[in-house]
There are 2 protein chains.
Amino acid sequence: MQRYFLTTKQLIKQPFYLDEQTAHHLVTVLRAEVGTQAEFVQPDQLVYLGHVSSINQDGAQAVLDGPLAKSSSSELPVSVSIACGLPKGEKAQLIVQKATELGVHEVIFFTSQRSIAKWPAAKRARKLERLQQIAQNAAEQSHRNIVPVISYSKSLSSLLDETDKITRRVVAWEEAAKQNEKSQLAATFSELQSGDSLLAIFGPEGGLTSDEVAQMQQKQVIVAGLGPRILRTETAPLYLLAAASYYFELED
Amino acid sequence: MQRYFLTTKQLIKQPFYLDEQTAHHLVTVLRAEVGTQAEFVQPDQLVYLGHVSSINQDGAQAVLDGPLAKSSSSELPVSVSIACGLPKGEKAQLIVQKATELGVHEVIFFTSQRSIAKWPAAKRARKLERLQQIAQNAAEQSHRNIVPVISYSKSLSSLLDETDKITRRVVAWEEAAKQNEKSQLAATFSELQSGDSLLAIFGPEGGLTSDEVAQMQQKQVIVAGLGPRILRTETAPLYLLAAASYYFELED
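Remember, predicted model here, so these are calculated numbers, not experimental data. (Residues numbered from 1 in each chain as written. Chains lettered and ligands numbered in written order. Predicted model: local features only at pLDDT ≥ 70, side-chain atom pairs only at ≥ 80, totals over all residues. Heavy atoms only, no water.)

K.L.:
Break down the overall build of chain A for me, citing the residues and quoting the values.
P.N.:
Scanning chain A from N- to C-terminus turns up eight helices and eleven strands. Compactness check: chain A gives a C-alpha radius of gyration of 20 Å against a globular reference of 18 Å for 252 residues, within 12% of the reference. Projected onto its principal axes, the C-alpha coordinates of chain A cover approximately 60 × 45 × 30 Å. Each of the 252 residues in chain A was classed as buried or not, and the buried ones make up 53%. Considering only intrachain contacts with a sequence separation of at least 6, the fraction spanning at least 24 residues in chain A is 74%. Of the roughly 11,300 Å² of accessible surface on chain A, a fraction of 49% belongs to carbon and sulfur atoms. The distance from the centre of the 25 positive side-chain charges to the centre of the 28 negative ones in chain A is 6 Å. (Helix = DSSP H or I, 4+ residues; strand = E, 2+ residues; numbered from the N terminus. Rg over C-alpha atoms; globule rule 2.2 N^0.38 Å. Buried < 20%, exposed > 50% of the residue type's maximum accessible area, 1.4 Å probe, protein only. Contact = heavy atoms within 4.5 Å. Areas by Shrake-Rupley, 256 points an atom, 1.4 Å probe, with all protein chains shown as cover. Lys, Arg positive; Asp, Glu negative; His and termini not counted. Charge placed at Lys NZ, Arg CZ, Asp CG, Glu CD.)

K.L.:
Kindly report on the interface of chain A and chain B, identifying the contributing residues and their values.
P.N.:
Contacts between the two partners involve 41 residues from chain A and, on the opposite side, 41 residues from chain B. Approximately 3,500 Å² of surface area, both sides summed, lies buried where chain A meets chain B, with 55% of it carried by carbon and sulfur atoms. Its largest share of buried area at the contact with chain B, chain A owes to A:Arg229, A:Tyr246 and A:Leu250, together 22% of the area lost on that side. B:Arg229 is paired through a salt bridge with A:Glu249; the nearest N and O atoms lie 2.8 Å apart. (Buried area = accessible area lost by both parts, 1.4 Å probe. Salt bridge = Lys/Arg side-chain N within 4 Å of Asp/Glu carboxyl O.)

K.L.:
Break down the domain arrangement of chain A for me, citing the residues and quoting the values.
P.N.:
Residues and elements named next belong to chain A. Each domain of chain A was delimited in the assignment, giving domain 1 (3-67) and domain 2 (79-251). The partner domain 2 presents ten residues to the eight residues of domain 1 that form the contact. Counting the surface lost from both domain 1 and domain 2, the interface buries some 800 Å², and carbon and sulfur atoms represent 46% of this. Of all residues in domain 1, the largest losses of buried area upon contact with domain 2 belong to Arg3, Phe5 and Gln45, amounting jointly to 72% of the total for that side. Counting the contacts that link domain 1 with domain 2 gives zero salt bridges. Linking domain 1 with domain 2 are five residue pairs in polar contact (both at pLDDT 80 or more), by the criterion used here. At the level of elements, strand 1 (3-5) and strand 3 (37-41) are the ones that each hand at least two residues to the side of domain 1 that touches domain 2. (Domains from an automatic or database assignment. Polar contact = N/O pair within 3.5 Å; in protein donor to acceptor, adjacent residues only side chain to side chain.)

K.L.:
Tell me what's going on with the packing of aromatic side chains, and back it up with residues and numbers.
P.N.:
Across all of its chains, the model carries 18 aromatic pairs over all chains by this definition. Here A:Phe189 and B:Tyr246 contribute two aromatic rings whose centre-to-centre distance is 5.4 Å and whose plane-to-plane angle is 50°, an arrangement assigned as tilted. Taken as a pair, A:Phe189 in helix 6 (residues 184-191) and B:Tyr246 in helix 8 (residues 236-251) lie in two separate chains rather than in one. Members of the aromatic cluster, connected to one another through ring pairs, are A:Phe189, A:Tyr247, A:Phe248 and B:Tyr246. (Phe/Tyr/Trp six-rings, centres within 6.5 Å; stacked < 30°, edge-to-face > 60°.)

K.L.:
Hey, could you go over the packing of helix 8 (residues 236-251) of chain A against helix 6 (residues 184-191) of chain B for me, with residue numbers and the actual values?
P.N.:
At a minimum axis distance of 9 Å, the contact between helix 8 of chain A and helix 6 of chain B shows a crossing angle of 105°. Between helix 8 of chain A and helix 6 of chain B, the crossing angle belongs to the class labelled roughly perpendicular. Between helix 8 of chain A and helix 6 of chain B, the residues in contact are A:Tyr246, A:Leu250 and A:Glu251 and B:Leu185, B:Ala186 and B:Phe189, respectively. In terms of residue class, the contact of helix 8 of chain A with helix 6 of chain B is built from five nonpolar, no polar and one charged. (Axes fitted to C-alpha atoms, helices over the stretch in contact; angles between N-to-C directions. Parallel < 35°, antiparallel > 145°, perpendicular 65-115°, else oblique. Nonpolar A, V, L, I, M, F, W, Y, C, P; charged D, E, K, R; others polar.)

In structure tokens, the structure reads:
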């Protein structure tokens, strides 16, 4: 069943009008009719079963029938944020879509020393808006309870300042993999408890410089290897998120 | 350093001519000169350091300088094969590239009941050749010791027959995730020893039918959930491979 996020709490006034995009997807793309059911996530993350109650020229209206019986959360017990040195081309979109499916809490793109891509100020808002929309679509498709927030940080220093409240921070560095570092990720996972948070930092295509890694280490960011193979810039965050899901959600 | 696979053992006769594609990538794309070093993987998986010894109108020649000092394998200790119901569009390419980076042993595409994509016999060889090339490029880029084999199986029955020597077989089924199945993947991993093999089967966009899953269960394929979120057809195999790498290569 399709899932949609409601931007305002819709419990008192019913039926309510679906926003334009939701109405378009439900009615035009999925060909919903009056009576068609869907899941609606309230801003408080609770999921309700609802149905389309009317479709006319003013838009589509829906009614909430009640909270979903097995309304268990589909969120990771530890909030995992990822920060990616600005990647080239369409890779930011791939990262946002796949990371959302894999349960990411937020994605921060930051300008790093070897980033070839630039996000000039004039285009940044438009880029972030587009990525936020991809996150919302992926969150609906993968049945998340929240939409991850996509943001930009202008430098590594800013990133480190803005994330210093996060419980543990790691950086995936290609050189660590080459030096066969393979214990830090598991050690970090084992230190985290439900409700804690984790930030994982990744370089752009050209990797992170040793200066950048030294700067992170001064701020207690741990260098962690992600196995013996060299992963592309867009693959490494997905590895980390899948490993986190495996550890926190399946292995237990 | 760039890595290339040698199709024939090149130890006796040196210098040797690089194949056309390797020469093009090394000389034209990476602008190598005489003396530029690269890694060369012999058909026996051993990795040698070598260098370009001449470049002229006949092609580029190389010399092997000796086995790589830390020639540790970058292969998963358990061979993981994935089988995917034929996906739509470019997704097969994405799966092959990313699965190769994540250490897959082989990728089998099979025609399943809800596959919308068709691989007609006339176009199949060309498709597989293209996917095999993607696997080779990704294997070189990610510093693999082998190139995963990409193949096609005409039905689920064929797939099950062809893979019945594999140590353990699992299927990732959306319905299992919905029913909160979350113990089988970890249980399966824990039963596997170095040298064993694992096959993981995934449906196409529309998922697997309950008939297909029943057919698999009759052949001792275990239904395994991959966490509480609904993963797209191209994301699920990457989750499984990353989880396998985490379990077998990092966690230990």
